[in-house]
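# Structure at a glance
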Amino acid sequence: MTTTAPHTDLGKTPGPTTPLRPRRGPGALVRALPLTPAVVLLLLFLAGPIAYCVYIAFTDLQLTGQAQDSFVGFENFTRAFGDEAFLNAVWLTLVFTVLSSLIGQNTLGLALAALMRRASKQVRTLTGGIVVTAWVLPEVVAGFLLYAFFRREGTLNAILDWLHLPSQNWLFTLPILAVSFANVWRGTAFSMLVYSAALNEIPKEITEAAEVDGAGGWRRMWHITLPMIRRSIGTNLMLNTLQTLSVFGLIWVMTRGGPGGKSQTLPLFMYEQAFQNSLIGYGTAVALLLLLVGSLFSLVYLRLLRTEV
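For the structure given in this document, a descriptive report is provided here. Since the model is a prediction, treat every value here as computed from it, not as a measurement.

Parameters at a glance
- Residues numbered from 1 in each chain as written.
- Predicted model: local features only at pLDDT ≥ 70, side-chain atom pairs only at ≥ 80, totals over all residues.
- Heavy atoms only, no water.
- Helix = DSSP H or I, 4+ residues; strand = E, 2+ residues; numbered from the N terminus.
- Buried < 20%, exposed > 50% of the residue type's maximum accessible area, 1.4 Å probe, protein only.
- Expected span 1.5 Å × (residues − 1).
- Arc of directions from axis to C-beta.
- Contact = heavy atoms within 4.5 Å.
- Phe/Tyr/Trp six-rings, centres within 6.5 Å; stacked < 30°, edge-to-face > 60°.
- Lys NZ or Arg CZ within 6 Å of the ring centre and 35° of its normal.

## Quick look at unusual backbone geometry
In this structure, Pro259 follows Gly258 across a cis peptide bond, with omega equal to -5°. Inspection of the secondary structure puts Pro259 in the loop between helix 13 (249-254) and helix 14 (266-276). Positive phi values are uncommon outside glycine, yet His164 reaches one of about 60°. Secondary-structure assignment places His164 in the loop between helix 7 (155-162) and helix 8 (170-173). The class of His164 is exposed, set by a relative accessible area of 73%. Residue Ser278 is not a glycine yet carries a positive backbone phi of 65°.

## Quick look at helix 11 (residues 217-228)
Taking 1.5 Å of rise per residue, twelve residues should cover 16 Å, and helix 11 covers 15 Å from first to last C-alpha, within 8% of that figure. Listed in full, the buried residues belonging to helix 11 are Arg220, Ile224 and Thr225. Seen end-on, helix 11 carries its buried residues on one side only, within an arc spanning 85°. In helix 11, the exposed positions angled more than 90 degrees off the buried face are occupied by Trp218, Arg219, Trp222 and His223. Close packing links the buried residues of helix 11 with helix 4 (84-118), helix 9 (175-200) and helix 10 (204-212).

## Observations regarding the packing of aromatic side chains
On inspection of all chains with the given rule, the structure shows 17 aromatic pairs. Pairing Trp135 with Phe190 gives two aromatic rings, centres 5.9 Å apart and planes at 55°, and the pair type is tilted. One end of the pair, Trp135, is in helix 5 (residues 121-136); the other, Phe190, is in helix 9, with 55 residues separating them in the sequence. Residue classification places Phe190 among the partly exposed residues on the basis of a relative accessible area of 23%. An aromatic cluster is present here, built from Phe58, Phe71, Phe74 and Phe77 joined pairwise through their rings. Against the face of Tyr282 rests Arg79, its NZ or CZ located 4.3 Å from the ring centre. Seen from the ring of Phe172, Lys262 lies directly overhead, with NZ or CZ sitting 5.9 Å from the centre.

See the structure below:
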């Protein structure tokens, strides 16, 4: 009598199993309820004003001499790119950002952080206190201090006269350099704190091994320190750039964009058009263009940071 063995799958390789997807039930909605007030506030006080500003940028809204506004499309943006004063403000904004943020604050902050790492505790405390004090000062106060430093009868010319060196009216002859220096003086502390934290994360064994191998200070900085803190450099550059693009009070107190628009960056040009010339629509269009410039800088930095992961 012949018997048939039962069919089994022991010799077969099991196929791929479909991952189980979590079911979304009422529990997910309940967990999202605590976020509802925050979302509503963001929509009311952030997304709402931004959307209204976008609408105003496409109108001819004015503060005076107008009963009602009308939709003008891209006329404000076309007017901006045909305005020599606007193009001058764009150029000065780029110069101000590169000099005071990308070069000034970034380089000086890294240098101070590296020097303070090897200094004594007393020197670190004194230097850090002085630099941070300049950072925490209100922008208007810092502007008045630097105005007193650069004015014709100011501190800088007094020092130059004492050294028998030629002096000049710095706020008239080199206003964009004066306000760039002021922004470096005020904002370097942030870069110094960022780089101090980043340098403290570098293992001492790596730098000590490089010293044993005969690497000098500059070679260690270029081949070891900078590559290991490159993400902190990218983050610091992005934050400093966005902050510098929006600087208004410092330049307004020192030069008010003058003389003859030689230090008028985009925030000052936007303020002049919107509130001095009463062209709210045109000024808002300039503000949107400034927002676009900041967004482009952010995308570039985020792209660079993403490629380093």
